[in-house]
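Residues per chain, in single letters:
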Amino acid sequence: MSMEPVIFHKAIVRAPGPDAAAGLTTAGMGSPDYSRLLLQHAAYVEALRRLGLEVDVLPAAPGYPDAYFIEDAAVVTPEFAIVTRPGAPSRRGETSSIEAALAGHRPLRRIEPPGTLDGGDVLFAGGRFFIGLSERTNADGARQLGAIVASAGHPWTSVPVGSGLHLKSFVNTLGGRTLAFAPGFEDGEAFRDYDRIVLDPGDEYAANTLWINGTLLMPAGFPGTREKYARLELPVIELETSEMRKMDGGLTCLSLRF
Ligand code: CIR
């Protein structure tokens, strides 16, 4: 099992479209302001570039208001680019343009029916793939992805997500074998060998943090969580995500990284 840290060189993002407010959401926080959404998205791209990543920005996908949450449409491992079959029917058509964007980078694999899988349910940490079973990812989709990563020698574990959107709405890597957990999610058997930082109630959203080559990107507005992350002695960058949050999105959803 490989335990080297993952190093990212490249990211693919997608510009939010003017129909972004028509996407799926449970947040009840109102509609995103499109110009502010574009600014927040641009700041995210800029942060990735400053960290040394080469970032491709795909054009918005008309008719697919959630498509800028590009993480859900593919999973990129060191060996393969796996095009998903998103669990929400309204998002299924997002994948065709992703295939074209990834084809030059990795051999392609696909999640086939009846499997469904969203990339937001896939966490790679400490040399293992964790695959959430959620409203979006079913057991067949998890099994298909598990078989693909296992064919390249990676161990994998499925994790029931319960109520909530995706696995990575609750747990994310802080680098190495340390994970950030939304409160209540840290007791899962799957993560027993990992070090953990558990966020305070009210800061659940800040569990969706994005580790890039030794720097942590976190959503702005969570001082208690920021203090907890500061103990890791990693550089931390806070990014405004208010407009994505209105659509149930966060930092990990906005890019494919590899
Ligand atoms: C959806 O419900 O599919 C989008 N509005 C939000 C997706 C967020 N994706 C992610 O966390 N990976």
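About the cut-offs
- Residues numbered from 1 in each chain as written.
- Predicted model: local features only at pLDDT ≥ 70, side-chain atom pairs only at ≥ 80, totals over all residues.
- Heavy atoms only, no water.
- Helix = DSSP H or I, 4+ residues; strand = E, 2+ residues; numbered from the N terminus.
- Rg over C-alpha atoms; globule rule 2.2 N^0.38 Å.
- Buried < 20%, exposed > 50% of the residue type's maximum accessible area, 1.4 Å probe, protein only.
- Contact = heavy atoms within 4.5 Å.
- Areas by Shrake-Rupley, 256 points an atom, 1.4 Å probe, with all protein chains shown as cover.
- Lys, Arg positive; Asp, Glu negative; His and termini not counted.
- Charge placed at Lys NZ, Arg CZ, Asp CG, Glu CD.
- Pairing = 2+ DSSP bridges.
- Axes fitted to C-alpha atoms, helices over the stretch in contact; angles between N-to-C directions.
- Expected span 1.5 Å × (residues − 1).
- Phe/Tyr/Trp six-rings, centres within 6.5 Å; stacked < 30°, edge-to-face > 60°.
- Lys NZ or Arg CZ within 6 Å of the ring centre and 35° of its normal.

K.L.:
Let's hear about the overall build of the chain: which residues, and what values?
P.N.:
Scanning the chain from terminus to terminus reveals 5 helices and 15 strands. For the chain, the C-alpha radius of gyration of 17 Å lies close to 18 Å, the compact-globule estimate for 258 residues. For the chain, the C-alpha atoms occupy an extent of roughly 45 × 40 × 35 Å along the three principal directions. Relative to its 258 residues, the chain shows a buried fraction of 53%. Intrachain contacts of the chain at a sequence separation of at least 6 include 68% that bridge at least 24 residues. Looking at the chain as shown, the accessible area adds up to about 10,700 Å², and 54% of this sits on carbon and sulfur atoms. If the 24 positive side-chain charges of the chain are averaged to one point and the 31 negative ones to another, these points end up 3 Å apart.

K.L.:
Kindly report on the sheet that holds strand β14 (residues 236-239), identifying the contributing residues and their values.
P.N.:
As summarised here, the arrangement of the 3 strands in space is β12-β13-β14, forming an open sheet in which the pairing is mixed. Each edge of the open sheet is held by one strand with a lone partner, namely β12 (210-212) and β14. The sheet shows a mean angle of 25° between the axes of neighbouring strands, taken without regard to direction.

K.L.:
I'd like to hear about helix α3 (residues 139-151), residue by residue, with values.
P.N.:
For α3, with 13 residues, the first-to-last C-alpha span of 18 Å sits near the 18 Å given by 1.5 Å per residue. Asp-140, Gly-141, Ala-142, Gln-144, Leu-145, Gly-146, Ile-148 and Val-149 are the residues of α3 that are buried. Along its buried surface, α3 packs onto β3 (74-76), β4 (81-83), β5 (108-110), β6 (122-125), β7 (128-133) and β8 (156-160). Downstream of α3 by one or two residues, Gly-153 has phi in the positive range, about 90°.

K.L.:
Can you break down unusual backbone geometry residue by residue, with the values?
P.N.:
Cis peptide bonds are those with omega within 30 degrees of zero, and the linkage from Pro-113 to Pro-114 qualifies with 5°. Its identity is not glycine, yet Glu-233 carries a phi of approximately 55°, on the positive side. Considering the arrangement of structural elements, one finds Glu-233 in the loop between α4 (223-230) and β14. The phi torsion at Asp-248 lies on the positive side, around 65°, for a residue other than glycine. Its location among the elements puts Asp-248 in the loop between α5 (242-245) and β15 (256-257). According to the relative accessible area criterion, Asp-248 is partly exposed, its value standing at 26%.

K.L.:
Can you break down the packing of aromatic side chains residue by residue, with the values?
P.N.:
Tallied over the entire structure, the rule returns 7 aromatic pairs. Taking the centre distance of 4.4 Å and the plane angle of 35° together, the rings of Phe-124 and Phe-129 count as tilted. With a centroid separation of 6.1 Å and 35° between ring planes, the pair formed by Tyr-205 and Phe-222 is classed as tilted. Here Tyr-205, found in the loop between β11 (195-198) and β12, pairs with Phe-222, found in the loop between β13 (215-219) and α4; they are 17 residues apart in sequence, far enough to count as distant. Judged by its relative accessible area of 16%, Tyr-205 is buried. These aromatic residues form a ring-pair network of at least three members: Phe-130, Phe-181, Phe-191 and Tyr-194. A cation over an aromatic ring shows up here: Arg-177 above the ring of Tyr-194, its NZ or CZ 4.5 Å from the ring centre. Between Arg-245 and the ring centre of Tyr-205, over which it is positioned, the NZ or CZ distance is 4.4 Å.

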